[in-house]
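Residue strings, one per chain:
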Amino acid sequence: MLTFFYNHPYLIGLIAFALGALFMPVVLRVAKTKHFVVRPNKRMSHTGEVPNIGGLDICFSFLLTYLIFEFNTLQQSQFLLIGVFAIMMVGFVDDILILPPLPKLLCELIAGVALISFADIRLTHLHDFLGIEVLPEVWSYVLSFFVLAAIINAFNLIDGVDGLASGLGMLYCSFFATWFYLAGDGPWCILAICLVGSLAVFFCYNVFGGTRTKIFMGDSGSLLVGYMLTAFVFRFCEQNAYHLVPEWLHMSAAPAVAISVLSIPIFDTLRVSLARIKNKKSPFQPDKNHIHHLLLNTGLNHIQTTAVLLCVSVLLIGIGIVGRNWNMLLLVSVDALICAAFTLLVKLKIKN
């Protein structure tokens, strides 16, 4: 029976979806009873009080589904799963108390210890970038923690309109799930496909839920997804660095391909942070200058904004696949030019 599911991993995603659908009414009821809600403010366009702990449902359905199918490998994955729970709790506390940026970042890095130090899932190789291959151990840890913080916070900041974070999360996880499946990396394929199923439930409630069932992901969800995307990126890069996959699947520019996959949150966060610094503001100071805010200013609604950014992401992933063996600087430059051109077009549309 398990072999059948392993050969058809999308069925495991459907089970994660079913468990998420089962848990979601409970999460909604708890959120409303305990007042875990977000009220309308100048940075949000919703009406009424909306529960903001959708990440709890994502976490529970994701972990439970994975444990059902990979319980026998728990000893190998225990620290990764502990890290997932820890980062979800960091986000949950932030949703309730609103942590200052630096303490929040410190908590994220502490949760990252489970992934990078204890599970030993980290970047150890630079794929001959600037002539560097295997990294000294100290720099491996430094780079890994930096990438972890960058991806988690970039994904956290892109969560601004209905369906965007969950839609991008499903797209990114589907890419990695497919690659892991083709590479014969079953446990990691299951990890990714479980997250796809869990995010799909949230997407339905977030985008199509009415006034009684709408829910936001909250930091408990966005930090969790960013954390797992970081783990997928590390595994993806390491498998390619050491040629642990079939040659036809090997990507010599794997780190650049990973950037292509995550281009929208990475380049948007970099652009917004640089703009804030240029204006002598803190890069952590929130504003409405993210790409999804700009698209809303063109007259698009939330669903249309999400659809546009998903289409651009598919294009960038396609470019990453085509350029999987290009020079890494060339591939990243192409991604940056596309993101810059897209942002410029959106800004011109606003002016017109």
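Predicted model, so just to flag it, every value in this text is computed and none were measured. (Residues numbered from 1 in each chain as written. Predicted model: local features only at pLDDT ≥ 70, side-chain atom pairs only at ≥ 80, totals over all residues. Heavy atoms only, no water.)

## Observations regarding the overall build of the protein
What the protein contains, in helices and strands, is 14 helices and four strands. Taking 2.2 N^0.38 as the reference for a compact globule, 352 residues should give roughly 20 Å; the C-alpha atoms of the protein span a radius of gyration of 19 Å, in line with that estimate. Judged by the C-alpha coordinates and their principal axes, the protein covers about 55 × 50 × 35 Å. Counting contacts in the protein only where the partners sit at least 6 residues apart, residues at least 24 apart contribute 72% of the total. (Helix = DSSP H or I, 4+ residues; strand = E, 2+ residues; numbered from the N terminus. Rg over C-alpha atoms; globule rule 2.2 N^0.38 Å. Contact = heavy atoms within 4.5 Å.)

## A few points about the side chain of His292
Among the structural elements, His292 can be located in helix α12 (residues 291-297). With a relative accessible area of 1%, His292 lands in the buried category. Those residues within four positions of His292 in sequence are excluded, and the remaining contacts are Leu157, Ile158, Gly160, Val161, Leu164, Thr305 and Leu309. (Buried < 20%, exposed > 50% of the residue type's maximum accessible area, 1.4 Å probe, protein only.)

## Notes on a nonpolar patch on the surface
A cluster of nonpolar side chains, namely Phe60, Phe85, Met89, Val93, Ile96 and Leu97, defines an oily patch on the protein surface of about 510 Å² accessible area. Top contributing element to the nonpolar patch by residue count: helix α4 (residues 74-97), with five residues. With respect to the helices, strands and loops of the structure, Phe85 is situated in helix α4. (Patch = residues over 30% accessible without salt bridge, like charges linked within 9 Å, V, L, I, M, F, W, Y side chains within 5 Å. Areas by Shrake-Rupley, 256 points an atom, 1.4 Å probe, with all protein chains shown as cover. Salt bridge = Lys/Arg side-chain N within 4 Å of Asp/Glu carboxyl O.)

## So, unusual backbone geometry
Look at Asp120: it is not a glycine, yet its phi comes out positive at around 60°. Along the chain, Asp120 falls in the loop between α5 (101-118) and β3 (125-129). Despite not being glycine, Asp128 shows a phi value in the positive range, around 70°. Among the secondary structure elements, Asp128 is positioned in strand β3.

## Details of the side chain of Asn240
Of note, Asn240 is situated in helix α9 (residues 218-241). The exposure class of Asn240 is buried, given its relative accessible area of 1%. Filtering out sequence-adjacent residues up to four positions away, Asn240 remains in contact with His127, Trp179, Val245, Leu249, His250, Met251 and Ala254.

## Some details on the nonpolar core
Ranked by size, the top nonpolar core spans 104 residues in total, and within it Leu224, Tyr227, Met228, Leu229, Phe232 and Phe236 carry the most contacts. If one sorts the elements of this core by residue count, helix α8 (residues 186-208) sits on top with 16 residues. The contacts of Phe232, once residues within four sequence positions are left out, are Cys173, Phe176, Phe180, Trp188, Leu191, Ala192 and Leu195. (Core = buried A, V, L, I, M, F, W, Y, C linked by side-chain atoms within 4.5 Å.)

## Quick word on the pattern of salt bridges
Inspection of every chain in the model, using the stated rule, returns seven salt bridges. In this structure, Asp94 and Lys104 form a salt bridge, with 3.1 Å as the shortest nitrogen-oxygen distance. You can see Asp94 sitting in helix α4 and its partner Lys104 sitting in helix α5, a full ten residues away along the chain. Asp219 is the salt-bridge partner of Lys104, the closest N and O atoms lying 2.7 Å from each other. Of the two residues, Lys104 sits in helix α5 while Asp219 sits in helix α9, which places them 115 residues apart along the sequence. Judged by its relative accessible area of 11%, Lys104 falls in the buried class. The class of Asp219 is buried, set by a relative accessible area of 13%. Beyond isolated ion pairs, a larger network of salt bridges with shared partners links Asp94, Lys104 and Asp219.

## Topic: the packing of helix α11 (residues 263-278) against helix α14 (residues 328-351)
It is the contact of α11 with α14, at a shortest axis distance of 10 Å, that shows an interaxial angle of 70°. When the interaxial angle is binned, α11 and α14 end up roughly perpendicular. α11 and α14 meet at a crossing whose hand is right-handed. Where α11 approaches α14, its residues Ser263, Phe267 and Arg271 are matched on the opposing element by Val332, Asp335, Ala336, Cys339, Thr343 and Lys347. A class-by-class count of the residues in the contact of α11 with α14 yields four nonpolar, two polar and three charged. (Axes fitted to C-alpha atoms, helices over the stretch in contact; angles between N-to-C directions. Parallel < 35°, antiparallel > 145°, perpendicular 65-115°, else oblique. Left-handed = near helix turned anticlockwise from the far one by under 90°. Nonpolar A, V, L, I, M, F, W, Y, C, P; charged D, E, K, R; others polar.)

## A look at the packing of aromatic side chains
Evaluation of the coordinates by the stated rule reveals 13 aromatic pairs. With 6.0 Å between their ring centres and 70° between their planes, Phe175 and Phe236 make a pair best called edge-to-face. With Phe175 in helix α7 (residues 164-182) and Phe236 in helix α9, the pair connects residues that are 61 residues apart, well separated along the chain. Residue Phe236 is classed as buried on the basis of its relative accessible area of 0%. Arranged with centres 5.7 Å apart and planes meeting at 70°, the rings of Phe176 and Phe236 form a pair that is edge-to-face. Here Phe176, found in helix α7, pairs with Phe236, found in helix α9; they are 60 residues apart in sequence, far enough to count as distant. The burial state of Phe176 is the same as that of Phe236; both residues are buried. Between the NZ or CZ atom of Arg122 and the centre of the ring of Tyr141, over which it lies, the distance is 4.4 Å. (Phe/Tyr/Trp six-rings, centres within 6.5 Å; stacked < 30°, edge-to-face > 60°. Lys NZ or Arg CZ within 6 Å of the ring centre and 35° of its normal.)

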